[in-house]
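Structure assessment
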Amino acid sequence: MKVLVVGNGGREHAIAWALLRSPQVEQVLCIPGNGGTATLSRCQNLPYSVDDFERIGQVVREQGIDLVVVGPEVPLAIGITDYLQAQGAMVFGPTKAGAQIEASKAWAKALMQEAGIPTAKAAVFTQESAAKDYVTAQGAPIVVKADGLAAGKGVIVAETVAQAHQALEAIFAGQFGDAGKFVVVEECLVGQEASVLALTDGITIRPLLPAQDHKRIGEGDTGENTGGMGVYAPAPLVTPELMARIEREVLQPAIATLRSKGIDYRGVLYAGLMIAPTGEFKVLEFNCRFGDPETQAILPLLETPLEELLVACCQQKLGELPPIAWKPGAACCVVAAAKGYPGAYEKGHVITGIESAEASGGCVFHAGTRLGQGGQGGQGGLRESQLPTPERQFAQRGTPPHATGSSRLPTPVITDGGRVLGVTGVGEDFEQAIALAYDAIAQIHFDGIYYRRDIGYRIRNS
Ligand code: AMP
Ligand code: GLY
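None of the values given here were measured: they were computed from a predicted structure.

**Things to note about the nonpolar core**
Counting residues in each nonpolar core, the largest one holds 47 residues, and the members touching the most others are Val250 and Phe286. With eight residues, helix 10 (residues 240-260) is the largest single contributor of residues to this core. Dropping the residues within four chain positions of it, Phe286 is found in contact with Ile101, Glu102, Met112, Ile117, Val250, Ala254, Leu269, Tyr270 and Ala271. Core analysis: the second largest hydrophobic core is formed by 46 residues, Ile15, Leu19, Phe92 and Leu306 among them.

Right under this line is the structure:
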């Protein structure tokens, strides 16, 4: 099989890496990929944008792609699946209609209410004054959410009414553009967050191992929200009993309600949950894709070939497969970020120690990296002319320079994003997995490297 992975994060590196472990997968192409996918054997980057559907369609046709796996939400929300399916491609990821579950929080809230899925009490506004009156009446803490996609920055957990009013003013003044035309104001929930991702073919649902992300930049879950600074799986917080309830009360009703609206949802349905100290849970949000960094901890534990599962979702045959097989033990992924992240951050620093980190047993998944010669001001996707010689030959001749081994050639790897890479440790238990991840990440250096030293603290303290 030839598979095309769309996206350039740690999630996409983990997906490409997991696909290539299957004997059925001959080659993976990434659009645009990153420094990690550029150095994977039998993997090649193509420097196109994830919203350049025409180019992507051309690659699918000309390269004889058997399966397209879409990583990020943006291309899904603007209809990449619809576009490629219309050309006969097999695409893992929901259509534009299905992706609304992430792309519009108001739409998702209405779906949850219709499906009877437990979620925070909320109201939707298009007028600043009405939203402010509602906030004043409800009191703080309260949560203000821009309706549309805002790269993870559209949610403000306000501690005071004044803060919530300020957030509403900014959103209605256009801070998030069209994403802020509608605003959801909702009750502030307390507890621990968990990510439950499930594969679905529109009828059958197969949950993956539950994970717990660490959203805040600072240790002890302090400071600003980020895309996720570290994660572990399987999260003990989500007991088998709780997972069964989540499947019954969240995932199944969501898919059934989507189907009742004529939406044949095939891909990942990701429920972000708040679990109260009492064990009661509510859905904070749905995502229409694999989580990042959740995927970097979940896929290293997957034993069933990934491509088998993804193809079964696309062909609506998930119910015919045996249960998903997992390695015993646990995985922990620690994310290394650039100085300044999640605010303005530096790019263009040389990264060293990746081989040592891998040699000490960690899986290094690149996120914001590229191959190159260093210097400030990193570029976006890799161009073929930027690739080191063997990759360029590979790009031209289509034959891998090395048939085995996870990575090849120590070409300089350069920082090129806010979250730079994630290092995953897999162990017999959490203690081992966490120790492995930290031993491995300690080998990695770049100017301004920052990572939290407390990923998994809840488990270590329990
Ligand atoms: P999102 O960008 O939609 O993933 O939401 C970002 C984060 O905001 C979530 O991971 C939670 O930490 C927080 N959040 C969202 N909704 C609520 C809520 N109703 N109560 C408390 N925290 C929330
Ligand atoms: N880790 C959170 C997300 O993928 O949205």
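And the narrative resumes.
**Overview of the pairing of strand 10 (residues 192-200)**
Extensive coverage of strand 10 is indicated by the burial of seven of its nine residues. The loop that links strand 10 with its antiparallel partner strand 11 (residues 205-207) comprises four residues; one of these, Gly202, has a positive phi angle of about 100°.

**Considering the site of ligand 1**
Close to ligand 1 lie 15 residues; Lys105, Glu186, Leu189, Glu193 and Glu285 are nearest. One of the backbone nitrogen or oxygen atoms of Glu187 is found 2.9 Å away from a nitrogen atom of ligand 1. Contact between ligand 1 and Glu285: an oxygen atom at 2.5 Å from a side-chain N or O atom of the residue. Elements that contribute at least two residues to the shell around ligand 1 include exactly strand 7 (142-146), strand 8 (155-158), strand 9 (183-187) and strand 17 (281-287). Its residues assigned to classes, the shell around ligand 1 shows seven nonpolar, one polar and seven charged.

**Here we look at empty space enclosed by the protein**
By rolling a water-sized probe across the atoms, one finds the places where empty space is left. One pass over the full model with this rule turns up one cavity of 30 Å³ or more. Reported here for the largest cavity is a volume of approximately 40 Å³. The wall of the largest cavity is formed by Leu199, Leu208, Phe290, Ile298, Leu299, Leu302, Leu306, Leu309 and Trp326. In the lining of the largest cavity, the residues fall into nine nonpolar, no polar and no charged.

**Side note on the site of ligand 2**
Taken together, the residues surrounding ligand 2 are Asp213, Lys215, Gly227, Tyr270, Asn287, Arg289, Gly291, Asp292, Pro293 and Glu294. A distance of 2.8 Å separates a nitrogen atom of ligand 2 from a polar side-chain atom of Asp213. When ligand 2 sits alone it has 200 Å² of accessible area, and the protein chains cover 92% of it. Partitioned by chemical class, the residues of the shell around ligand 2 number two nonpolar, three polar and five charged.

**Digging into the sheet that holds strand 17**
Strand order in this open sheet of four strands is 11-10-16-17, and the pairing throughout is antiparallel. Each edge of the open sheet carries a strand with a single partner, namely strand 11 and strand 17. Strand after strand, the sheet turns through a mean of 30° between neighbouring axes, direction not considered.

**Brief notes about the side chain of Arg419**
Checked against the element boundaries, Arg419 lands in strand 23 (residues 419-427). We note that Arg419 is buried and unpaired, the nearest opposite charge coming from Asp292 at a distance of 4.1 Å. Side-chain polar atoms of Arg419 contact the backbone oxygen of Asp292, separated by 3.1 Å. Not counting the four nearest positions on each side in its chain, Arg419 is found in contact with Gly227, Gly228, Asp292, Pro293, Val335, Ala336, Ala337, Tyr341, Ala367 and Gly368.

**Focus on the pattern of salt bridges**
Per the stated rule, a full pass over the model turns up 18 salt bridges. The salt bridge partner of Glu285 is Lys105, with a shortest N-O separation of 3.8 Å. Note that Glu285 is positioned in strand 17 and Lys105 in helix 7 (residues 105-115), a separation of 180 residues in sequence. Judged by relative accessible area, which is 18%, Lys105 ranks as buried. With its nearest N and O atoms 3.2 Å apart, the salt bridge here joins Lys132 to Glu128. Linking Lys132 with Glu128, this pair stays in helix 8 (residues 128-138), spanning four residues, or about one helical turn. With relative accessibility at 19%, the residue Lys132 sits in the buried group. Residue Glu128 is classed as partly exposed on the basis of its relative accessible area, which comes to 28%. One connected set of salt bridges, linked through shared partners, spans Asp221, Arg452, Asp454 and Arg458.

**Comments concerning the environment of Ile275**
Examined against the element boundaries, Ile275 turns out to sit in strand 16 (residues 267-275). Residue class for Ile275 comes out buried when judged on its relative accessible area of 4%. The spacing of Ile275 and Leu237 is 38 residues in sequence and 8.5 Å in space, taken between C-alpha atoms. Excluding anything up to four places from it in sequence, Ile275 contacts Val190, Gly191, Gln192, Ala194, Leu237, Val238, Leu242, Glu280 and Phe281.

**Some words on the packing of helix 6 (residues 96-103) against helix 7**
In the contact formed by helix 6 and helix 7, the axes pass within 6 Å of each other and the chain directions differ by 95°. Taken together, the axes of helix 6 and helix 7 lie roughly perpendicular to each other. The segment helix 6 lies against helix 7, with Ala97, Gln100, Ile101 and Ala103 engaging Lys105, Trp107, Ala108 and Leu111. Of the residues that constitute the contact of helix 6 with helix 7, the class distribution is six nonpolar, one polar and one charged.

How each quantity is defined
Residues numbered from 1 in each chain as written. Chains lettered and ligands numbered in written order. Predicted model: local features only at pLDDT ≥ 70, side-chain atom pairs only at ≥ 80, totals over all residues. Heavy atoms only, no water. Core = buried A, V, L, I, M, F, W, Y, C linked by side-chain atoms within 4.5 Å. Buried < 20%, exposed > 50% of the residue type's maximum accessible area, 1.4 Å probe, protein only. Helix = DSSP H or I, 4+ residues; strand = E, 2+ residues; numbered from the N terminus. Contact = heavy atoms within 4.5 Å. Pairing = 2+ DSSP bridges. Near = heavy atom within 4 Å. Polar contact = N/O pair within 3.5 Å; in protein donor to acceptor, adjacent residues only side chain to side chain. Nonpolar A, V, L, I, M, F, W, Y, C, P; charged D, E, K, R; others polar. 1 Å grid on protein atoms, 1.4 Å probe; cavity = no way out; pocket = protein on both sides within 12 Å on 5 of 7 lines; lining within 4 Å. Points joined across faces, edges and corners; volume = space filled by probe spheres on them. Areas by Shrake-Rupley, 256 points an atom, 1.4 Å probe, with all protein chains shown as cover. Axes fitted to C-alpha atoms, helices over the stretch in contact; angles between N-to-C directions. Lys, Arg positive; Asp, Glu negative; His and termini not counted. Salt bridge = Lys/Arg side-chain N within 4 Å of Asp/Glu carboxyl O. Parallel < 35°, antiparallel > 145°, perpendicular 65-115°, else oblique.

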